[in-house]
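Fold and contact review
As a plain string of letters, each chain reads:
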Amino acid sequence: MLAVDTPGSVRPSPSFLQDAGGRSGIGAWIFSTDHKRIGLMYAAAMFTFFIVGMCLGLTMRLELMFPGEQFISAAAYNRIFTLHGVIMVFLFIVPGIPAVLGNFMLPLQLGAEDVSFPRLNLASWWIYMIGAAMALASLVVAGGVPDTGWTFYAPYSVRTDSSVSLAVMAAFVLGFSSILTGLNFITTIHRMRAKGMTFFRMPLFCWGLYATAWIQVIATPVVGITLVLLMLERTLGIGFFDPGKGGDPILYQHLFWIYSHPVVYVMILPAMGIISEILPAFARRTIFGYKAIAMSSMAIAAVGYLVWGHHMFTAGMSDTARWVFSLLTFLVAIPTGIKVFNWLATLYKGSIELSVPMLYAFAFIFLFSIGGLTGMVNGALSTDIHVHDTAYVVGHFHYTMFGGAGIGFFAGLHYWFPKITGRMYNDRRAKIALGLIFVGFNLLYFSMLIMGILGMPRRYADYLPEFQPFHMASTIGALILVPGLLLMLWNLLHSARTGAPAGPNPWRATTLEWQTASPPPLLNFEVAPEVTTGPYDFTHDPLLQENPA
Amino acid sequence: MIQASSYAGVVDDAFIFILGTSIVLLIGVTLTMLFFAFRYSRARNPVAAQIEGNMVLETIWTVIPTGLVLMMFWYGWTGFRIMRDVPEGAMEIEAIGRMWSWAFRYPDGHTSDELVVPLHQPVRLTLTSEDVIHSFYVPAFRIKEDVMPVARPENRNHLWFQAEKTGEFNVLCAEYCGERHSKMLSKVRVLPQEEYDNWLAAAAVTQVDILKLKGCTACHSLDGSRIVGPSFRGIFGSTETVVSGGTEHQVVVDAEYVRKSLAEPLADVVKGYPPAMPPQQLTDDEIAAVIARLQELR
Ligand SMILES: [Cu+2]
Ligand SMILES: [Cu+2]
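1. Describing the overall build of chain A
Across its full length, chain A carries 18 helices and 0 strands. Taking 2.2 N^0.38 as the reference for a compact globule, 549 residues should give roughly 24 Å; the C-alpha atoms of chain A span a radius of gyration of 23 Å, in line with that estimate. In terms of its C-alpha atoms, chain A occupies a principal-axis envelope of roughly 75 × 45 × 45 Å. Out of the 549 residues belonging to chain A, those deemed buried represent 65%. Summed over all atoms, the accessible surface of chain A reaches about 17400 Å², with 69% contributed by carbon and sulfur. Computed over 29 positive and 26 negative side-chain charges, the separation of the two mean positions in chain A equals 6 Å.

Okay, structure coming up:
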């Protein structure tokens, strides 16, 4: 889709890192409406929370290394897993890729100067920070950290005297950030595409963000309403979920999962988009089945609305409701499978370079496949009854959310790192980090799959001695995974200052963000780009022209 | 893993089909990926072929997975139907879940803290919650169903099983229910019919400790150690500092205080302990029994 003047033919503008649009000091960041700066501010906040969430996870794993109480009480353990969930879900993985890489890359990939509503974009960041501050404030206010799990199930969440109201309010506020970002992205995609860029010439990451944005806009209000109901229940005792007053706790579960199932696609669809960018770039060929991949994102987003009941297969829904939800759940697997097969076909007859982003993409395909396939057991009724609410489910969703969305996020961070910073990460350290992450991850979460099948319930501060070997293996996995994650983050941070200059297009990739300087200037492009082909057009591969085969 | 119920084998067949298919697919995907990475590496294949897609392939990998997932659905659904289809003449037992213990009420009205059932006998469990949501889970039986607080008794959840092996099997709470969720354990004891009849005859006349039966001992120890609430050892007749609506004062733990604490546990909470106890609905006889036991523990 290359159709822009070679950068440098006009006098180059300063990069967005030098050009703060007239502001200085901290204000150059926290009041900036530049989508690139906003993306980086999200990144700074989110990875801080990620490290906190990771430490909480590690604490749980250390406590569970042996049966009995080691160094934290059951009451503390319950608060830790709640905080781990709240931070990782609401502060990291839900906003994650759209807010950081979406913000940074969407306008660049579309050939636009910014998102449609730059000030609204800044407001979204501020709302996110306010929500995050409220979530963390629950650490210090009376009652202490909630002990309900991130799902806040009534009636327990109504009775507990921990500070559930504050955490729920935080999630409510964070929801608005999500809705506004989604709104911004939908409008940007509809209105700001470069000349000649039809919908089917958009990069697939944009398609992933597009499907995601619709879920954010349509599903998030449902959880907002649910959380308001819960707050009213706690403060006024109205009785929506209280059977003593004619309410029903299962109503809470329906409302909660109507949002919280679709939101897993908010987490995964952008990651799938990233993989669809990386594979063509390092296989030097067009993606296989562009339309199938783009449309499967939309199909997943649409069918994903109708499957929330699979979180309630043991909650006492009617048998009819259970089989209907089971059937619909299996239907979501089909577009997901289509994506994986098209990715594999993209490797066929490619010219593959196993660079770090590509290795991350491979890790994604492997881990996400385990995540998706282990989900089949949860979709089928008789098998789900056995593993429901066990460590199996914890293992399964970490394979999808962390092995999928998380690893996809890291893949994207490495892929776009030279674009964002203008420098190259240290390759060797990046590979070592990935190795540690991959080994540690599988040991950590595969052990959970096994112990879950053997009957180890989740959210257990203590356990029967027969599960000890698996808990031990799982903890050892965590002890390998955590250094890997820290090394990866440190490598990126360190290389952002010391890495070798990368140049505008180190990967010789074809999408528009690579046709401008690295880091890009404040308004992204010197000359407004024009598009004449699909996004992954390697027929005039610049690599081949330089080194003819 | 032990299959101790009539339908455990059916469930495990579904596991084997689904996990087996999944493993084949995973190995297929992984090997294909690695093979392509090797065969079409930059060194071996410097010039990529630009293949945009193939309708036949797209159709194949839409249709075959659709067939596979429909089969998985079918396996899950047929097994599930057996689990929901309570046989005629099943024995009725009520399982009561409360923070944080289990109790089981038998047709003859007596209650025990372990579930004892005869071999080869279908049992229908009605699930009653006295407070929050719990989940009755017996891994060896492959059964689980949430214990929901409900507005009307007829809305309670139920499950059924038929034990096919004698022995003791774990009962676990699988829905998070607060501090001692992971301690909310019990056992199913499966006895041959004859032994079961003997147990039942004996159980009807033996006195089970009321403190255990009502779940008090889940939070209050009998030996002076601290669990969640104050230990019962030596508490009766002692003078305690209690917190009432934010202010502290002294009370003597007497029959009156015990009666009030059962009805309104949060009215006077012993200082240093969390206000965690749910109100208890006990009959006058039961309250008298509790007081008598506390006196014994003095
Ligand atoms: Cu779901
Ligand atoms: Cu529980």
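2. What about the pairing of strand β2 (residues 101–105) of chain B?
All names here are of chain B. With 4 of 5 residues buried, β2 is to be regarded as a mostly interior element. Pairing analysis gives 5 bridges linking strand β1 (residues 91–98) to β2, with the strands arranged antiparallel. Each bridged residue has a counterpart across the sheet, and for Ala-95 the counterpart in β2 is Phe-104. The turn linking β1 back onto β2 is made up of 2 residues. Bridge count between β2 and strand β3 (residues 111–112): 2 bridges; the pairing is antiparallel.

3. A few points about the sheet that holds strand β4 (residues 115–118) of chain B
All names here are of chain B. Spatial strand order, β4-β10-β9-β6-β7: 5 strands in an open sheet with mixed pairing. Two strands in the sheet have a free side with no partner beyond their single neighbour: β4 and β7 (143–147). When strand polarity is set aside, the average angle formed by the axes of neighbouring strands in this sheet is 20°.

4. Some thoughts on the domain arrangement of chain B
All names here are of chain B. Splitting chain B by domain gives domain 1 (8–84), domain 2 (91–208) and domain 3 (211–296). For domain 1 and domain 2, the distance between their C-alpha centres works out to 40 Å. Regarding the contact of domain 1 and domain 2, the summed buried area is about 580 Å², with carbon and sulfur atoms giving 45% of it. In terms of surface lost to domain 2, no three residues of domain 1 exceed Ala-8, Met-83 and Arg-84, which account for 72% of the buried area on that side. For the pair domain 1 and domain 2, the number of links is 2 salt bridges. In this structure, the salt-bridge partner of Arg-84 is Glu-145, at a minimum N-O distance of 3.6 Å. Taken together, domain 1 and domain 2 are joined by 4 residue pairs in polar contact (both at pLDDT 80 or more).

5. Thoughts on the coordination of the copper ion (ligand 1)
Residues and elements named next belong to chain A. Ligation of the copper ion (ligand 1) by protein atoms is provided by His-261 (ND1), His-310 (NE2) and His-311 (NE2), these donors lying 1.6 to 2.1 Å from the ion. Every donor residue of the copper ion (ligand 1) comes from the same chain, spaced as H-x48-H-H. Residue His-261 is found in the loop between α9 (249–260) and α10 (262–283), and its partner His-311 is found in the loop between α11 (290–303) and α12 (319–347); the two are separated by 50 residues along the sequence. The exposure class of His-311 is partly exposed, given its relative accessible area of 22%.

6. What to know about the packing of aromatic side chains
Residue and element names in this part refer to chain A. With the rule as written, the count across this model stands at 61 aromatic pairs over all chains. Seen in terms of ring centroids, Phe-47 and Phe-92 are 5.5 Å apart; in terms of plane orientation they differ by 75°. Their pairing is edge-to-face. Here Phe-47 is found in helix α2 (residues 35–63), whereas its partner Phe-92 is found in helix α3 (residues 74–93), with 45 residues between them in sequence. Residue class for Phe-92 comes out buried when judged on its relative accessible area of 3%.

7. Examining empty space enclosed by the protein
Residue and element names in this part refer to chain B. In total, this model carries 6 cavities of 30 Å³ or more according to the counting rule given. Lining the largest cavity are 35 residues; nearest its centre among them are His-220, Pro-230, Phe-232, Ser-261 and Met-277. If you list the elements that add at least two residues to the lining of the largest cavity, you get α5 (255–263), β13 (269–270) and α6 (284–296). Top contributing element to the lining of the largest cavity by residue count: α5, with 4 residues.

8. Structural notes on the interface of chain A and chain B
Facing 88 residues of chain A, the contacting portion of chain B comprises 77 residues. Residue Lys183(B) pairs with Asp462(A) through a salt bridge whose shortest N-O separation is 2.5 Å. In this assembly, chain A and chain B are joined by 31 residue pairs in polar contact (both at pLDDT 80 or more). Among the elements that make up the side of chain A that touches chain B, the one with the highest residue count is α12(A) (15 residues). Of the residues contributing to the side of chain A that touches chain B, the split by class is 53 nonpolar, 21 polar and 14 charged.

9. Here's the deal with the layout of surface pockets
Approximately 1200 Å³ is the volume found for the second largest pocket. Glu130(B), Asp131(B), Pro279(B), Gln280(B) and Gln281(B) are, among the 48 residues lining the second largest pocket, the residues nearest its centre. For the lining of the second largest pocket, the secondary-structure elements that each account for two or more residues are α6 (156–159) of chain A together with β1, β2, β5 (122–129), α3 (193–205), α4 (210–213) and α6 of chain B. Per-class residue counts for the lining of the second largest pocket are 22 nonpolar, 12 polar and 14 charged. Looking at which domains feed residues into the lining of the second largest pocket, each of domain 2 (91–208) and domain 3 (211–296) of chain B gives three or more.

10. Brief notes about the coordination of the copper ion (ligand 2)
All names here are of chain B. In this structure, Cys-173 (SG), Glu-175 (O), Cys-177 (SG) and His-181 (ND1) serve as the protein donors to the copper ion (ligand 2), at separations of 2.1 to 2.6 Å. Geometry at the copper ion (ligand 2) is tetrahedral, judged from its 4 donor atoms and the angles of 86 to 127° they form at the metal. Each donor residue of the copper ion (ligand 2) lies on the same chain, and together they follow the pattern C-x1-E-x1-C-x3-H.

11. Quick look at the pattern of salt bridges
The final tally for this structure, using the stated rule, is 23 salt bridges over all chains. Across the pair Arg322(A) and Glu145(B) runs a salt bridge, and its minimum N-O distance is 3.1 Å. With Arg322(A) in helix α12 and Glu145(B) in strand β7, this pair bridges two chains. Glu145(B) shares its class with Arg322(A); the two are buried. The residue Arg142(B) makes a salt bridge to Asp12(B) at a minimum N-O spacing of 2.7 Å. Placement of Arg142(B) in the loop between β6 (134–138) and β7 and of Asp12(B) in helix α1 (residues 8–39) is noted, with a sequence separation of 130 residues between them. Since its relative accessible area comes to 1%, Arg142(B) is described here as buried. Among the residues examined, Asp12(B) registers a relative accessible area of 13% and is labelled buried. Salt bridges here are not isolated pairs; linked through shared partners, they connect Asp319(A), Arg322(A), Arg84(B) and Glu145(B).

12. Brief notes about the sheet that holds strand β11 (residues 239–244) of chain B
Residues and elements named next belong to chain B. Strand order across the open sheet formed by 3 strands is β12-β11-β13, with antiparallel pairing between neighbours. Each edge of the open sheet is held by one strand with a lone partner, namely β12 (247–252) and β13. Note that β11 and β12 share 6 bridges and pair antiparallel. Across the sheet, the residue bridging to Val-243 is Glu-248, located in β12.

Conventions adopted
Residues numbered from 1 in each chain as written. Chains lettered and ligands numbered in written order. Predicted model: local features only at pLDDT ≥ 70, side-chain atom pairs only at ≥ 80, totals over all residues. Heavy atoms only, no water. Helix = DSSP H or I, 4+ residues; strand = E, 2+ residues; numbered from the N terminus. Rg over C-alpha atoms; globule rule 2.2 N^0.38 Å. Buried < 20%, exposed > 50% of the residue type's maximum accessible area, 1.4 Å probe, protein only. Areas by Shrake-Rupley, 256 points an atom, 1.4 Å probe, with all protein chains shown as cover. Lys, Arg positive; Asp, Glu negative; His and termini not counted. Charge placed at Lys NZ, Arg CZ, Asp CG, Glu CD. Pairing = 2+ DSSP bridges. Axes fitted to C-alpha atoms, helices over the stretch in contact; angles between N-to-C directions. Domains from an automatic or database assignment. Buried area = accessible area lost by both parts, 1.4 Å probe. Salt bridge = Lys/Arg side-chain N within 4 Å of Asp/Glu carboxyl O. Polar contact = N/O pair within 3.5 Å; in protein donor to acceptor, adjacent residues only side chain to side chain. Donors = N, O, S within 2.8 Å, 3.2 Å for Na, K, Ca; no water. Phe/Tyr/Trp six-rings, centres within 6.5 Å; stacked < 30°, edge-to-face > 60°. 1 Å grid on protein atoms, 1.4 Å probe; cavity = no way out; pocket = protein on both sides within 12 Å on 5 of 7 lines; lining within 4 Å. Points joined across faces, edges and corners; volume = space filled by probe spheres on them. Contact = heavy atoms within 4.5 Å. Nonpolar A, V, L, I, M, F, W, Y, C, P; charged D, E, K, R; others polar. Tetrahedral: all angles 85-135°; square planar, octahedral: opposite > 155°, others 65-115°.

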